[in-house]
Structures are given as C-alpha cells and as structure tokens.
Amino acid sequence: MNNNTFIHKYLKGLPLDDKCVVDMTCGNGNDTFFLAKHARNVYAIDISKEAIIRTRERCKDFNNIIYINDDHQNIDKYIKDKIYLFIFNLGYLPDSSSQSLTKASTTLSAIKKAIELCNGYLVISFYRGQEGGKDEYLRISKYLIDNNILPIETYRQYRHENEPLTAIYKLNQKNQ
Ligand SMILES: C[S@@+](CC[C@H](N)C(=O)[O-])C[C@H]1O[C@@H](n2cnc3c(N)ncnc32)[C@H](O)[C@@H]1O
C-alpha cells in the first residue's frame, strides 16, 4: 500500500459527507477527486497553474469544488469558516516543467494557518527523499511537537530511511 492509498483508506472512515475540506496541494487532482466524491465541498489550491488545469480536467464531473491558483500560505484570504480536514501532499507536480516544489518556510506558514482554521483533521505527506524534503519534514515536525500537536497515526512502508511519511493529526479548539 502506498501513502496515498493509506490516506484514502483512512479518510473513508471519517464522516466527510456533510463537511467542507481543503486540498492544500491539488497537483494532479487525485486527492481532490477523492474528496469531491466523499465530502460536501472541497477547496483545491495549488501554486501551479498547470496543477489547477489538471485538477479541473480530472474533476470535471463534480460541481462541489472551488479552485484557487495561489500559494497555500494565503489560504486565509479565501476561507473564513472552520474546516474539517486539510490535506498537504507535499513535493512537486510530477511530469511538469514548473518548479513548484513545496518549501519548508511557506509550508510551515500554510500549516500554521490551517491549524487556525481546522476543527477536525490535518493530513501531511512528507517526501523526505526529495530536494529539501528532509528539512521540510524536520522543521514542520519540530513545530508541531513544540506546540504539543502529535500525530494520531503515521504511515510509511519501511523500505528505506528517506521514504515518504504520512502523519495524521486531530485538531480542535485546544490547539488554537
Ligand atoms: C505531490 S503534488 C500534490 C499531489 C496531489 N495532491 C494529487 O493528488 O495529485 C505537490 C503539489 O504542491 C504544489 N505546491 C508547491 N508549492 C506550493 C505552494 N506554496 N502552495 C500551493 N501549492 C504548492 C505543487 O505545485 C504540486 O502540484
């Protein structure tokens, strides 16, 4: 089972059907597609124009998605209400000329905003073997641990040290 399969399996156990959720890196649209199928509304954000085009095409049969072509650290410009779930599937857009790799500093700033807005779950997949991925993982994990936000679930395949790692956090008012 890869990390994306793990996430979707986990999310199937949550009561998403009447919830508003956010895909903070919509990329090729796979997570947005899953969320649009199971949740009431989805915000799909990506800094890459190409990612938004790909996600729109992949999800063309859904009418419950709001697309945002912007840096995810600006998410609070678009959302004011509490959100049940935020997903960060970090890294870069596969098969693309765009250089839109997530970076520790902007990801951290986006995660801080997600924590403010979230009353539910935060899901983060770290790609520790990619350029800057280990630093991103270490900085964000440290921030969360320092703020007493600990994962309720983690997943990795235990094949090598720098493989992708997914962490799931449950957030509520006491984290804010
Ligand atoms: C691994 S892909 C996401 C995969 C996607 N969730 C899917 O299901 O297909 C990572 C995405 O993060 C996006 N990204 C990188 N930096 C970003 C930022 N600062 N704000 C928003 N998106 C960003 C990239 O453009 C890329 O599309």
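Up top is the structure.
The rules behind each value
Residues numbered from 1 in each chain as written. Predicted model: local features only at pLDDT ≥ 70, side-chain atom pairs only at ≥ 80, totals over all residues. Heavy atoms only, no water. Buried < 20%, exposed > 50% of the residue type's maximum accessible area, 1.4 Å probe, protein only. Helix = DSSP H or I, 4+ residues; strand = E, 2+ residues; numbered from the N terminus. Contact = heavy atoms within 4.5 Å. Polar contact = N/O pair within 3.5 Å; in protein donor to acceptor, adjacent residues only side chain to side chain. Salt bridge = Lys/Arg side-chain N within 4 Å of Asp/Glu carboxyl O. Core = buried A, V, L, I, M, F, W, Y, C linked by side-chain atoms within 4.5 Å.

Caption draft 1: Quick look at helix α1 (residues 3-12). Those residues of α1 that fall on the buried side of the exposure criterion are N3, F6, I7, H8 and L11. Each element contacted by the buried residues of α1 is listed here: α2 (30-38), β4 (83-89), β5 (118-126), β6 (153-155) and β7 (165-170). Where α1 begins, one side-chain oxygen reaches toward the backbone nitrogen of N4, 3.0 Å away; that side chain belongs to N2.

Caption draft 2: Quick peek at the pattern of salt bridges. Taken as a whole, this structure holds eight salt bridges when the rule is applied. The closest approach of N and O atoms between K142 and D146, which form a salt bridge, is 2.6 Å. On the criterion of helical spacing, the pair formed by K142 and D146 is a turn pair, its members being four residues apart in helix α5 (residues 133-146). Relative accessible area serves as the criterion here: at 52%, D146 is assigned to the exposed category. A salt bridge links E163 to R156; its shortest N-O distance comes to 2.7 Å. On the accessibility criterion, R156 (22% relative accessible area) is partly exposed.

Caption draft 3: Structural detail: the nonpolar core. F86, F88, L122 and I124 are the most contacted members of the largest nonpolar core, which totals 30 residues. Counting residues per element, the ones that place at least two in this core are β1 (20-23), β2 (41-46), β4, α4 (104-117), β5, α5 and β7. With six residues, α4 is the largest single contributor of residues to this core. If near-sequence neighbours (up to four positions away) are discounted, F86 is found in contact with V22, M24, A114, L117, C118, Y121, L122 and V123.

Function cannot be read off these values alone, since they describe shape.
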